[in-house]
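Observations on chain architecture
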Amino acid sequence: MTAETNEVETNGTTVELNDAYEYESDTPRPVDADSVARGAFARLEEGQGAVSASRRPSGGAHLSDEKPEEMDKRTLALIISGMAVALVLVLAVVVGMLATPAQDASEVEALGQVAVAADQSVDVHGNTYLFEEKDGKYQLLEVPPAESSQPVSLGELEGTPAGLVLYDGSIIVPQNLEGKKWNVVAYTIGSGWSPLMDKAGNVTGGKGKIGQVSLEGSTLVLTVDSERVEVPLVW
């Protein structure tokens, strides 16, 4: 493109200026001298001017495009979801506990906690245990489940059994001795006989005659000459 030619005198030399030129797309356009003199161009102070939207802070930092309100909503949603999951787990545990039926007497007996009279028997893992009297002496018998099997004697008692107690795999026998004395012995399946000891290491026993035998939790309860005697089985 062409334009009208003007003359400008600079340092005694006349220079021709054109109002317009042909430029490449990347060539800076010359500034008119009169525009500079009139103050048409002002200097930009620091912090002024356009900023490219593609520029990021130095150091590789990245500013989130999310608004604070959107971030708060998402955080709140995560918290509510976590609380809901925790509540479901707690309810599942509670429902499971409530759904567990209470144990009846037969189930407690199957677990190995029962007391019967001396003329009765107890069953452990399919075997039956009972007392047999012969010539004034008592012995503990183990009777296998098979009818063709013969009973096995587990030993002779020192005195007369007052009851038969099964507790956690051990057979406990309170017995009356000569001279109005009593004690308690225990037969552990697979180990044999031993006297029942108290917490101090003394043999459990005393004077008098045992009349009744019962089991209250982990406590063996004896009636000795109409008096209640408690024997802890667990210390």
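Residues numbered from 1 in each chain as written. Predicted model: local features only at pLDDT ≥ 70, side-chain atom pairs only at ≥ 80, totals over all residues. Heavy atoms only, no water.

**A few points about the sheet that holds strand 5 (residues 127–134)**
- An order of 4-5-6-7 is seen for the four strands of this open sheet, with the pairing classed as antiparallel. The open sheet has two edge strands, strand 4 (122–124) and strand 7 (152–156), and neither has a second partner. Mean inter-strand twist for the sheet, computed between neighbouring axes without regard to direction, equals 35 degrees. (Pairing = 2+ DSSP bridges. Helix = DSSP H or I, 4+ residues; strand = E, 2+ residues; numbered from the N terminus. Axes fitted to C-alpha atoms, helices over the stretch in contact; angles between N-to-C directions.)

**Regarding the side chain of Q139**
- Mapping Q139 onto the fold places it in strand 6 (residues 137–143).
- Among the polar contacts listed, one links the side chain of Q139 to the side chain of S153, at a separation of 2.6 Å.
- Contact partners of Q139, with chain neighbours within four places excluded, come to L130, F131, E132, S153, G155, E156 and L157. (Polar contact = N/O pair within 3.5 Å; in protein donor to acceptor, adjacent residues only side chain to side chain. Contact = heavy atoms within 4.5 Å.)

**Points about the pattern of salt bridges**
- A full pass over the atoms with the stated rule returns two salt bridges.
- Taking the shortest distance from any N to any O, the salt bridge between R228 and E216 comes out at 2.9 Å. Of this pair, R228 sits in strand 16 (residues 227–232) while E216 sits in strand 14 (residues 210–216), and the two are 12 residues apart along the sequence.
- A salt bridge links E230 to R228, with the nearest nitrogen and oxygen atoms 3.0 Å apart.
- One network of salt bridges, in which partners are shared, links E216, R228 and E230. (Salt bridge = Lys/Arg side-chain N within 4 Å of Asp/Glu carboxyl O.)

**What about the side chain of N183?**
- Along the chain, the position of N183 falls in strand 11 (residues 181–188).
- Accessibility expressed as a relative area gives 12% for N183, which makes it buried.
- Side chain to side chain, N183 and Q175 meet in a polar contact 3.0 Å long.
- Excluding residues that lie within four positions of it along the chain, N183 makes contacts with E158, V173, P174, Q175, L177, T204 and G205. (Buried < 20%, exposed > 50% of the residue type's maximum accessible area, 1.4 Å probe, protein only.)

**Structural notes on the sheet that holds strand 14**
- With antiparallel pairing, the three strands of this open sheet are ordered in space as 14-15-16. Strands at the two margins of the open sheet, each flanked by one partner only, are strand 14 and strand 16. Strand after strand, the sheet turns through a mean of 25 degrees between neighbouring axes, direction not considered.
- Pairing analysis gives six bridges linking strand 15 (residues 219–224) to strand 16, with the strands arranged antiparallel. Bridged to V224 within strand 16 is E227.

**Some words on the environment of P174**
- Tracing the backbone shows P174 in strand 10 (residues 170–177).
- With sequence-adjacent residues up to four places away left out, P174 is seen in contact with T160, P161, A162, G163, N183, V184, I210, V213, L220 and L222.

**Quick word on the confidence of the model for the protein**
- Confidence in the prediction of the protein, expressed as mean pLDDT, is 75, and 62% of residues score 70 or more.
- The secondary-structure element of the protein with the lowest mean pLDDT is helix 3 (residues 105–110), recorded at 43, while strand 8 (residues 160–161) shows the highest, at 98.
- Here residues 19–25 is modelled with pLDDT under 50, and outside its nearest four sequence neighbours on either side it reaches 11 contacts, counting other chains as well.
- pLDDT under 50 marks residues 50–63. Its contacts with residues more than four places away, or in other chains, come to four contacts. (pLDDT = per-residue confidence, 0-100.)

**What about the environment of S153?**
- Structurally, the position occupied by S153 is in strand 7.
- On the basis of relative accessibility, which here comes to 42%, the residue S153 falls in the partly exposed class.
- Sequence separation between S153 and E142 is 11 residues, and the spatial gap between their C-alpha atoms is 6.4 Å.
- Setting aside anything within four residues of it in sequence, one finds S153 in contact with Q139, L140 and L141.

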